[in-house]
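# Overview (structure and organization)
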Amino acid sequence: MAPSPWLSLLTPSLAALAGVALGIFLERSRRAKGSRQSSRDVVNSGEDLRVERGELEAAVAACLEAAGAPKPKANLVARVLVAADCRGIPSHGVNRTEMYCGELRAGLINPDAMPRLSSETVSTANVDGLNGLGAVVSEFAMQLCIRKAKASGIGLVVCHNSNHFGIAGFWSELALKEGLIGFAFTNTSPFLVPTRACRRAGGTNPISCYCPGTRDSFQLDMATSTVPVGKIEVCHRKEQEIPPGWGVDRAGAPTNKPTEVLAGGGLTPVGGHEETAGYKGYGLNMMVEILCAVLSGCKDVGPDVPPWRVDRGRPVDYGHCFMCIDPEKILPEGEFQAKLSAYLARMRGLSAADAALPVLVPGDPESAEELAAEKHGVRLNIQVAQGLRNLSQDLGCLQTMPAPIRDLPQNVMAPRHPHTV
């Protein structure tokens, strides 16, 4: 599809907004026409329901509080989880509530811990999370990183002794809102099978980079595995097969069964196998591990990180890395933001190979999902919603669930989160 000629007559910022709107329209048309599926389409397929965002946050927070988290911290974690569903990332959304509550109830996380500094310079710091909630540690670290970037132009803060921190993009967005370029990385428990290996030895180890434009922004948030393990978990809950290339079984052979990936198999790195350059994803995976676990001083690195299960018997000790750059310190008077918006508009205006598949930039699909969530409510797969209902009933807080979830059948048992059993 040729770029629309009228886009060239608009200012870069207006062209960017017009491009996003066009992209959203064509993306919806693509789904309606049944064009080839993305990984996003796979995890968002099936029956779903819509829930008002504030109600869902309150309900998730109630579950976390019932499991032992103090109310303010439960509220923060709930905002992080629901933010993922709002952006169309159910792998990291309320799907995770059961696991978080399981860790709290098993005494694997210290819900009262407040992070503290292990070392600090003008532009850097190392934070000890004291085995606290990952969102609490990450908020402390990113806010510190933002302050350092505003003062010196750049900030770098690493963390150790932390826990799962949700979607990486949530933390990059904090920097974005302050007019900064924000990076967020974390290591995780081993789920990835490296190139030429036959067992798990690396996490999903995401990379997030958000950059501010004049009215829009660049928003990259990606795992260094082909897909994050949460997408496998969602398929498991929905009892559906996974596409080719996502994972391997315990023998290292490709599989389309999520149970085989979760029960001793693993994820492929970005790029897949060696012949399709999976070693590049493997290299990026190691880079994140170095920044998060080696640089911060985590006790265990790579294949030695404990499994993310409620029966692991000890703290998981995840490491994070946050970096902020103030573009005004390098290109003053908004020059960076203007140039970025012009660049994004240029990319969105590229000719598409398939008229039903417009050229987008990272963050466009998520922005479209957020607009839909704001207008119609947060989308939850029916099986994920059923699991949340069952969890709230078990924790004695079913009355806090929004009506669409509370009114689901009482006697239906959705597949449980695979790492809680």
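Residues numbered from 1 in each chain as written. Predicted model: local features only at pLDDT ≥ 70, side-chain atom pairs only at ≥ 80, totals over all residues. Heavy atoms only, no water.

Under the annotation held in an unreviewed UniProt entry, the protein carries the name Malate dehydrogenase and is attributed to Symbiodinium microadriaticum. Regarding the protein, the UniProt comment filed under Sequence similarities (unreviewed entry) reads as follows: "Belongs to the LDH2/MDH2 oxidoreductase family." (UniProt positions renumbered as here; feature names shortened; annotations may be inferred.)

### Brief notes about the overall build of the protein
Summing up its helical and strand segments, the protein has 14 helices and 12 strands in all. A total of 421 residues make up the protein; the buried ones form 57% of that total. Long-range pairs, those at least 24 residues apart, make up 69% of the contacts in the protein with a sequence separation of at least 6. When the accessible surface of the protein is summed, it comes to about 17400 Å², and 57% of that surface belongs to carbon and sulfur atoms. (Helix = DSSP H or I, 4+ residues; strand = E, 2+ residues; numbered from the N terminus. Buried < 20%, exposed > 50% of the residue type's maximum accessible area, 1.4 Å probe, protein only. Contact = heavy atoms within 4.5 Å. Areas by Shrake-Rupley, 256 points an atom, 1.4 Å probe, with all protein chains shown as cover.)

### Section: a nonpolar patch on the surface
A cluster of nonpolar side chains, M286, I290 and V294, forms an exposed patch at the surface whose accessible area comes to about 270 Å². With respect to the helices and strands, V294 occurs in helix 10 (residues 278-294). (Patch = residues over 30% accessible without salt bridge, like charges linked within 9 Å, V, L, I, M, F, W, Y side chains within 5 Å. Salt bridge = Lys/Arg side-chain N within 4 Å of Asp/Glu carboxyl O.)

### Observations regarding the pattern of salt bridges
Within the structure shown, the criterion is met by 19 salt bridges. Between D311 and R309 there is a salt bridge, with its nearest N and O atoms 3.0 Å apart. If you follow the salt bridges from partner to partner, you end up with D48, E369 and R379 in one network.

### Quick notes on the sheet that holds strand 5 (residues 181-186)
The mixed open sheet is built from 7 strands, whose spatial order is 2-3-4-11-5-6-7. The open sheet has two edge strands, strand 2 (116-120) and strand 7 (217-222), and neither has a second partner. With strand direction ignored, the average angle separating the axes of adjacent strands in the sheet is 15 degrees. Taken together, the 6 bridges between strand 5 and strand 11 (residues 318-325) define a ladder with antiparallel strand orientation. Each bridged residue has a counterpart across the sheet, and for I181 the counterpart in strand 11 is I325. (Pairing = 2+ DSSP bridges. Axes fitted to C-alpha atoms, helices over the stretch in contact; angles between N-to-C directions.)

### Thoughts on the nonpolar core
The tendency in soluble globular proteins is for nonpolar side chains to be buried as a group. Of all hydrophobic cores here, the largest spans 80 residues; its most connected members are L56, V60, L64, M142, W171, F322 and I405. Here this core gets 10 residues from one element, more than from any other, and that element is helix 4 (residues 71-86). Taken together, domain 1 (48-106 + 377-407) and domain 2 (116-226 + 268-336) each give at least three residues to this core, which thus spans both. Not counting residues within four places of it along the chain, the set of residues in contact with L56 comprises V51, V82, V94, V378, L380, L388, P402 and I405. In this structure, V158, C321, F336 and V361 belong to the second largest nonpolar core, which totals 15 residues. (Core = buried A, V, L, I, M, F, W, Y, C linked by side-chain atoms within 4.5 Å. Domains from an automatic or database assignment.)

### Examining the pairing of strand 1 (residues 48-51)
Residues L49 and V51 line the buried face of strand 1, whereas the alternating positions D48 and R50 sit on a face that is not buried. As defined by bridge partners, strand 1 adjoins strand 12 (residues 378-381) across 4 bridges and the pair is classed as antiparallel. The partner of R50 across the bridge, within strand 12, is R379.

### Concerning the sheet that holds strand 8 (residues 247-248)
Adjacent strands of a sheet pair through backbone hydrogen bonds, lying either parallel or antiparallel. The strand order 9-8-10 describes an open sheet built from 3 strands, whose pairing is antiparallel. On the outer flanks of this sheet lie strand 9 (254-255) and strand 10 (266-267), each paired with one strand and no other.

### Quick word on helix 7 (residues 168-176)
With 8 of 9 residues buried, helix 7 is to be regarded as a mostly interior element. Residues of helix 7 that are buried: A168, G169, F170, W171, S172, L174, A175 and L176. Contact partners of the buried residues in helix 7: helix 4, helix 6 (134-152), strand 5, strand 6 (207-212), strand 7 and strand 11.

### Here's the deal with the side chain of S172
Positionally, S172 belongs in helix 7. The class for S172 is buried, based on a relative accessible area of 0%. Here the side chain of S172 touches G182 through a polar contact of 3.3 Å, landing on its backbone oxygen. Those residues in contact with S172 that sit more than four places away from it in its chain are M142, G182, F183, A184, S208, C209 and Y210. (Polar contact = N/O pair within 3.5 Å; in protein donor to acceptor, adjacent residues only side chain to side chain.)

### Comments concerning the confidence of the model for the protein
Caution applies to low-pLDDT parts of the model: their predicted coordinates are not meant to be read in detail. Confidence in the prediction of the protein, expressed as mean pLDDT, is 90, and 88% of residues score 70 or more. Between residues 22-27, whose pLDDT stays under 50, and residues either more than four places distant or in other chains, the model counts 10 contacts. Per-residue pLDDT stays below 50 along residues 29-34; that stretch engages in 11 contacts with residues further than four places along the chain or on separate chains. (pLDDT = per-residue confidence, 0-100.)

### Remarks on helix 8 (residues 229-238)
Counting buried residues in helix 8 gives 10 out of 10 residues, a clear majority hidden from the surface. Listed in full, the buried residues belonging to helix 8 are V229, G230, K231, I232, E233, V234, C235, H236, R237 and K238. Residue E239 follows helix 8 closely and has a positive phi angle near 55 degrees.

### A few points about the environment of G319
With respect to the helices and strands, G319 occurs in strand 11. C-alpha separation for the pair G319 and I290, spaced 29 residues apart in sequence, amounts to 9.6 Å.

### Some words on the pairing of strand 7
Bridge count for strand 6 against strand 7 is 6 bridges, and the pairing is antiparallel. Its bridge partner being in strand 7, Y210 is matched across the sheet by Q219. The antiparallel hairpin formed by strand 6 and strand 7 contains 4 residues in its connecting segment.

### Some details on the state of the cysteines
Enumeration over the complete set of coordinates arrives at 0 disulfides. Considering cysteine sulfurs only, C321 is the nearest to C292, which forms no disulfide, with 5.5 Å between them. (Disulfide = S-S within 2.5 Å.)

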